[in-house]
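Report on the structure
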Amino acid sequence: MKDILTAPFMVEMIRTTTNMYAQGWDERNSGNISLLLYEEEVAPYIDRDNVIRSIPMGFDAKPLAGCYFLVTGTGKYFKNVQYDPAKNLGLIRISADGCSAEVLWGFSDGGKYTSELPAHLMSHMVRLKADKEHRVIMHCHPANLLAMTYVHSIDEKEFTHTLWQMCTECIMIFPDGVNVLPWMVCGTTEIGEASAAKMSNARIVVWAQHGIYGAGRDLDESFGLIETAEKGAEIYMKIAHLPRLNTISDKQLRALADHLGLNVREGYLEV
Ligand code: 2HA
Ligand code: ZN
């Protein structure tokens, strides 16, 4: 067996969690990531017949039975992942009946996967239907996006439109827009179901007064998606209280979308 700490997926996960902490998005134990891994990727690094522990998940993820995920641990700090990946991360496989997580590596202090696993797995199911190359669900607490949910309408069209106006990149990176959930109790199957439903037509779901979910094909893409939305929110929080003398008009946004061939969310631009 090769050393799993040298696996490209592991190196990328360690870099990403470290970087997210450095951005200030993942204070204390906040945030969580799950990365879908293909069997051929994990095979050189773990004995797939050696299930260390089997943890009942309390919900049914049957469509993902047999799927492998590298996930962050509950109560663990992104800040610490680089120093002890085996304690702070775990590699799980969804059991054949879809109801348990089989730990194949990690969670070395007896810990378990993130409390938001229901939201992650349900979101994976929905995103895989939309995009067969989908692989990542990423959750964190970027300050400006959170701040924006206190002072801006959380109507999805209005929220998306404001972000698109805040910097030119926004509509280029998320032409599918931003969906928003009102505040809900986190860590529950209910918020998992609600988040997954919101993932059907957008890769970003903002949890008002809590954080953001981003979906993507790899860790870099998901990080970049959140980074761009957070930049838009940062500009908004810098200017919201000031007289606005200029903006990017819908006509200009449409011209950009046409130029780049973007698939802009239907009905979100007036032209
Ligand atoms: O992982 O961010 O939403 C801790 C959280 C829960
Ligand atoms: Zn959170």
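Below, the structure is looked at part by part.

What counts as what
Residues numbered from 1 in each chain as written. Chains lettered and ligands numbered in written order. Predicted model: local features only at pLDDT ≥ 70, side-chain atom pairs only at ≥ 80, totals over all residues. Heavy atoms only, no water. Phe/Tyr/Trp six-rings, centres within 6.5 Å; stacked < 30°, edge-to-face > 60°. Buried < 20%, exposed > 50% of the residue type's maximum accessible area, 1.4 Å probe, protein only. Lys NZ or Arg CZ within 6 Å of the ring centre and 35° of its normal. Helix = DSSP H or I, 4+ residues; strand = E, 2+ residues; numbered from the N terminus. Arc of directions from axis to C-beta. Contact = heavy atoms within 4.5 Å. Donors = N, O, S within 2.8 Å, 3.2 Å for Na, K, Ca; no water. Axes fitted to C-alpha atoms, helices over the stretch in contact; angles between N-to-C directions. Parallel < 35°, antiparallel > 145°, perpendicular 65-115°, else oblique. Left-handed = near helix turned anticlockwise from the far one by under 90°. Pairing = 2+ DSSP bridges. Right-handed = clockwise from strand over helix to strand, strands pointing away.

This brings us to the packing of aromatic side chains. Enumeration according to the criterion identifies four aromatic pairs in this entry. Consider the rings of Trp207 and Tyr213, whose centres lie 4.6 Å apart with planes at 35°: the pair is tilted. Given the relative accessible area of 0%, Tyr213 is considered buried. Seen from the ring of Tyr38, Arg135 lies directly overhead, with NZ or CZ sitting 4.1 Å from the centre.

With that out of the way, let us pick up helix H11 (residues 250–260). Among the residues of H11, those classed as buried are Asp250, Leu253, Leu256 and Ala257. Down the axis of H11, the buried side of the element spans an arc of 120°, and every buried residue falls inside it. Seen from the open side of H11, the exposed residues pointing more than 90 degrees away from its buried face are Lys251, Asp258 and His259. Check the buried side of H11 and you find it contacts helix H7 (156–166) and helix H8 (169–173). Gly261 lies just past H11 and shows a positive phi near 65°.

In a perfect tetrahedron of four donors around a metal, the angles come out at 109.5 degrees. In a perfect octahedron of six, they are 90 or 180 degrees. At 2.1 Å from the zinc ion (ligand 2) lie its protein donor atoms, namely His139 (NE2), His141 (NE2) and His210 (NE2). For the zinc ion (ligand 2), the donor residues sit on a single chain with the sequence spacing H-x1-H-x68-H. One end of the pair, His141, is in the loop between strand S6 (136–140) and helix H6 (143–151); the other, His210, is in the loop between strand S8 (204–207) and strand S9 (211–216), with 69 residues separating them in the sequence.

Now for the packing of helix H5 (residues 117–130) against helix H9 (residues 189–198). In contact at an axis separation of 8 Å, H5 and H9 are set at 25° when each is read in the N-to-C sense. Relative to H9, H5 is oriented roughly parallel. Like other packed secondary-structure pairs, H5 and H9 cross with a definite hand, here right-handed. Contacts between H5 and H9 involve Pro118, Ala119, Met122, Ser123 and Val126 from the former and Thr189, Gly192, Glu193, Ser195 and Ala196 from the latter.

Right, let's get into the pairing of strand S7 (residues 178–181). In S7, alternate side chains face the same way, and those of Val178 and Val180 on one face and Asn179 and Leu181 on the other are all buried. As judged from the four bridges shared by S7 and S8, these two strands associate in the parallel manner. Of the residues in S8, the one forming a bridge with Val178 is Ile204. For the crossover from S7 across H9 to S8, the handedness is right-handed.

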